[in-house]
Structure formats: C-alpha cells, structure tokens
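Architecture at a glance
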Amino acid sequence: MNLASSSINSQILRIIIASFAILYLCNYFLHIPALNYIGSALLLYIMSQSILRIPKVNRRVVSGLILLGAGLLFWSDASLLSWISAIMKNANLVTLFICVPMMSMPFFYEDYQGELKAVAQTRMQNLLSFCVLVFFSTHVLGVLISIGAAVIIYELLLPNARLYQAEDIFLMTLTRSYCSAGFWSPAWASVLVVTSQLDIEWLYLIPIGLAGTLIYFLLDMASIAFKIKKDPSRYPRLKPEEGVQVHWKKVYTMLTLAGLLIAMIILASVVTPWNLMIIIPLVSMIFPLLCAVFQKHLPAYREGMGRYYRHSLLKVQNEVTLFAAAGFLGKALELSGVGQKLPGLIPDWLSHYPALLIAFIMGLMIIPSLIGVHPVVTGTALVSAIVPASIGLGTMTFAVTIIVGWLLTIVLSPFSATSLITSGLTGKTSWSISLGMNGRFGLICVALFSLLISLASPLL
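The residue count restarts for each chain, going from 1 along the sequence in the order it is written. Residue-level local features of this predicted model are given only where pLDDT is at least 70; pairs of side-chain atoms are given and counted only at 80 or more, and the full residue set underlies all totals for whole chains, interfaces and linings. Just so you know, side-chain values use all the structure's heavy atoms and leave hydrogens and water out.

**Considerations on the environment of asparagine 160**
What counts, and what does not: Secondary structure elements are taken from DSSP: a helix is a run of H or I of four residues or more, a strand is a run of E of two residues or more, and numbering for both begins at the N terminus. Partly exposed describes any residue whose relative accessible area lies between the buried limit of under 20% and the exposed limit of over 50%, with all areas from a 1.4 Å probe on protein chains only and scaled to the type maximum.
Tracing the chain through its elements places asparagine 160 in helix 8 (residues 148–163). Residue classification places asparagine 160 among the buried residues on the basis of a relative accessible area of 0%. Taking the C-alpha atoms as reference points, asparagine 160 and leucine 127, separated by 33 residues in sequence, lie 9.8 Å from one another.

So this is what it looks like as structure tokens:
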C-alpha cells in the first residue's frame, strides 16, 4: 500500500512540476493574473513535497530562507500580491531548470560520445589540453546561450573526463568557464545592469572583459597544472585503444547540432522581444523534436522523453526548492527595503585603499549569496545606490568591480543557477561544487582582481 501510495504521489508530483513549467511559459505571453496565483500554488505544493525529501543540510537552509523571508514580509506588512511576487521571484529559473534537461537529448540519438572518446584518445591525450577545450567551448556557449551551455558541455564531455579519471577537475573547469562569460556577455544580468544604470556602452566593456577572461583562464589552467604536477600518476596520458578510429562524420553531425541549437536561441533572441529565460526552455522543448523528425530518430526521441518523465522531473526537486526559497528571500529583502541598506555598510576610510575597497564591494555580493541572496539583489542595490565618485572610484572601475564580483558570486554561491544545475546533473551537493571545489580559487580571484582593477583604474 505504501509503495502504491508513493508511486501515486510521485506521478502527481511529476505532473505538477511539468504543469508549473507549461503554465509559467503560457502566462509569460497571456499575462493572466489568475494563472500567477495558480502557479504560486503549484510551486508551493512542489516545495512542500520536496522539503521532506531533500538532504538534511539543504532542508535546514531552505527552512531558514523561507522563515527569514516570511519574517521580513510580515515586518513590512506586505500585501498578498507581494507574497505572490516573492514566491514567484525565481519562477523563470525554476522553469528553465525543469525544461533544460531536454536540451541535450539530440546528442544521444546516436553514439556521439563514443566518437568524442576516440577524439580524446587520438588528439587530446593530456588532461590539460582537454581542460582548455572545456574552458573555451563552455565560455563561447555561455556567452551565446547562457546557462544551457553548462548542460550541453557536461552531457557531451563527461565520458571524456572519466577517461582521464578527472571528473572533479572537469566540473571545476566547467563551472569556472561558464562563469567567465560574465566578464562581457550581454546575456548576463550583471552586464545589463551596469550598462543601463551607469550609462556605459557595452562595446567599451568587451576588450576589458576579454582581458579579464584571459587572466581568469590562465589562473584556472595554472591551478589544474599544479594539481597534475602534484600527483601525475593520478592523471595518466591517454593511450588510444588498438584500432580506434574517429568517424568524423558523426563528429561533424554533433557539431552541426550544437550550431543549430545555438542558432535557434540566437535567432529567437534577435527576432523576438522574449526574455532569454523564456527562449531557452522553449528551445529545450522544440529542438529535440525537430531533430528527431529531420534525423528520423522518433523512437530515440520517445525513449528520451520517457527517461525525462521518469527520472529528470523528480531529480529537479532539490534544486527547484532551493531556487524558489532563495528567490523568496531575495524578493523579501527588496520589498522590505533591507537590500537598499547594503551600500551603507561601506566604511568611509576604505576610499583611501582602492584594492581593499574593491574587495569589500565584491564581498558585499559574495557573502549574502551564501545564504541565498542572489547578486541581482545585492549588485543592483549597489549600482543603484552608489555614486562611484563618492567612494573614490571611477565609473568604469566601479562597473568592472561589480561585473567581476557578480561572476565570482555565481562561482561561489551554492544557490546560483550554475551550482544548482551542476548539482542536479552530478548528484553532488551544491555546497561541494561551489565552495568545495571553487572556494580557494574564488578567494584568490577576489584578491588578484581587486589588485589588478585598482592598478588599472587610471586606464579605465
């Protein structure tokens, strides 16, 4: 009876998770207030069912985020609409996370991973060269299609990472390289906020962003080279299996699929006014079906959708609950006015020490993110409330500080979309991926970039 009841509850939960995503996407175009209420009710149901199943640490974190957010909303005497707004704050990210596992399905209609294995054995025998490939392919995709890049590269290159016995290094490079897109990508909220609020042309940020990306890349590769040198026997060079050959036709087909996926997202971004967080879920649903029809892989498509329904929809519970709780607290901070008090935390004396001031500003974004406050809240509050000259920084210096602090926050926060999506893909906790794998690297980046930005300030 218990098993039957559990099975029924799981079926209901799958249906509600899928229904929430469909409802949110529909309401983006319909703008029906009633659907917003229904969506918030569905999200609350998902959270209520998930909170009992998620790991104990995450359960405590989620409970704390919800209680703190609710306390702030009660304190500010928020209206019912404000509560609904807080509940639905991260609904776009929740929807993206529900839909994005479908995006990688066409890359499994044939054995493309086997061909990538052959390429690795014959062309990328050294782990460092593999990490260079991961970094630049993820960076380029991240600039173009945002968070979907992490899913695509993970699904495509994980089997190769296993060949090197270096899954952890692969995950570190994947998360770091995706976040490197934040240096200059127009798809990142940080770049949009800085360019609009500080009246800076995006074109002026590109060379600075590319320079920052190069430094960040070299730092990442140096850390990997150090790990390899420290324990060379753990990461042996690959040796091609006897008779292994690369069937380049399949490799080119896979690259074509990746190109078509990127093109669909870019085309939709150019010809429609839709938000990128809407475009990616829609493409995630449409792209696999189109590929299946044109490649005549409908049986593989049906099998992939079956796996998605049986496994992926339930696997997202943990991340959906964390997303929703983090968004709830972030909106509560905004509605209560507490978020606007962040700029007042900067001591006046720091204006005499630019490097320390820059590191402090980054810290104002990073530290709150460790309890679920997204840099959209802290970063926007800092940009909106601070006149750069009043704290002794030039406008461009302040802009670069916010951009770098924002992307490092995404690297280090266990509640960022990057950490949560990677957590969902790997089964590891978001804490082990963010702070566990990238904590030391992030602190080094804060120190290094604070110093470099302060030294380059006269040139910016």
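**A closer look at the packing of aromatic side chains**
The geometry of an aromatic ring pair is captured by two quantities: the separation of the ring centres and the angle between the planes. What counts here: A pair of Phe, Tyr and Trp rings is counted when the ring centres sit within 6.5 Å of each other, with Trp represented by its six-membered ring. The angle between the planes then sorts it: under 30 degrees is stacked, over 60 is edge-to-face, the rest tilted. Two conditions define a charge sitting above a ring: the NZ of Lys or the CZ of Arg must be within 6 Å of the ring centre, and it must be within 35 degrees of the ring normal.
In total, this model carries 16 aromatic pairs according to the counting rule given. Ring geometry for phenylalanine 29 against tryptophan 274: centres 5.0 Å apart, planes inclined by 75°, an arrangement best described as edge-to-face. With phenylalanine 29 in helix 1 (residues 2–30) and tryptophan 274 in the loop between helix 12 (248–271) and helix 13 (276–295), the pair connects residues that are 245 residues apart, well separated along the chain. Phenylalanine 29 sits in the partly exposed class, given a relative accessible area of 37%. The exposure class of tryptophan 274 is partly exposed, given its relative accessible area of 35%. Residues phenylalanine 415 and tryptophan 431 carry aromatic rings whose centres are separated by 5.7 Å and whose planes lie at 80° to one another, so their mutual orientation is edge-to-face. Within this pair, whereas phenylalanine 415 is found in the loop between helix 18 (395–412) and helix 19 (417–426), its partner tryptophan 431 is found in helix 20 (residues 430–456), the two being separated by 16 residues in sequence. By relative accessible area, phenylalanine 415 is classed as buried at 5%. Positioned above the aromatic ring of tyrosine 309, the side-chain terminus of arginine 14 is 5.5 Å from the ring centre. We note arginine 176 situated over the ring of phenylalanine 441; from NZ or CZ to the ring centre the distance is 3.9 Å.

**Things to note about the nonpolar core**
This is how it is decided: The criterion is simple. A nonpolar core is a set of buried Ala, Val, Leu, Ile, Met, Phe, Trp, Tyr and Cys residues joined through side-chain atoms within 4.5 Å. Only heavy atoms enter the contact rule, under which two residues are in contact if any of them lie within 4.5 Å.
Core analysis: the biggest nonpolar cluster contains 148 residues, and Ile98 and Tyr216 have the highest contact counts within it. Of all the elements, helix 18 adds the most residues to this core, at 13 residues. Ignoring anything within four residues of it in the chain, the contact list for tyrosine 216 reads Phe135, Arg176, Cys179, Ser180, Phe183, Leu407, Leu408, Val411, Phe441, Cys445 and Phe449.

**Overview of the side chain of serine 413**
Spelled out, the test is: We call two N or O atoms a polar contact when they sit within 3.5 Å, provided that within protein one can donate a hydrogen and the other can accept it, with sequence-adjacent residues counted only if both atoms are side-chain atoms.
Along the polypeptide, serine 413 turns up in the loop between helix 18 and helix 19. A distance of 3.1 Å separates the side chain of serine 413 from the backbone nitrogen of phenylalanine 415, its partner in a polar contact. The contact partners of serine 413, leaving out residues within four places of it in the chain, are Ser369, Ser419 and Ser434.

**Structural notes on a nonpolar patch on the surface**
Filter applied, for reference: In this analysis, a patch consists of residues with relative accessible area above 30% that form no salt bridge, clustered at 9 Å for like charges and at 5 Å for the nonpolar side chains Val, Leu, Ile, Met, Phe, Trp and Tyr. Only the protein chains shown count as cover for residues, with accessible areas throughout obtained via the Shrake-Rupley method and a probe of 1.4 Å. For this document, the term salt bridge refers to a Lys or Arg side-chain nitrogen within 4 Å of an Asp or Glu carboxyl oxygen.
Together, Ile286, Leu289, Leu290, Val293, Phe294 and Leu298 make up a nonpolar patch on the protein surface, roughly 550 Å² of accessible area in all. Examined against the element boundaries, leucine 290 turns out to sit in helix 13. You can call leucine 290 partly exposed: its relative accessible area is 37%.

**Quick notes on the pattern of salt bridges**
Taken as a whole and assessed by the stated rule, the structure comprises 4 salt bridges. Across the salt bridge formed by arginine 162 and glutamate 167, the nearest N and O atoms sit 3.7 Å from each other. Judged by its relative accessible area of 49%, arginine 162 falls in the partly exposed class. Put simply, arginine 307 and glutamate 303 hold a salt bridge, and the shortest N to O gap is 3.1 Å. Here the residue arginine 307 and the residue glutamate 303 both occupy positions in helix 14 (residues 298–315), the gap between them amounting to 4 residues, near one helical turn.

**Points about helix 14**
Selection rule: What a helix is expected to span follows from its residue count: subtract one and scale by 1.5 Å.
Along its 18 residues, helix 14 runs 24 Å from first to last C-alpha, staying within 8% of the 26 Å computed at 1.5 Å per residue. Of the residues making up helix 14, those classed as buried are Tyr301, Gly304, Gly306, Tyr308, Ser312, Leu313 and Leu314.

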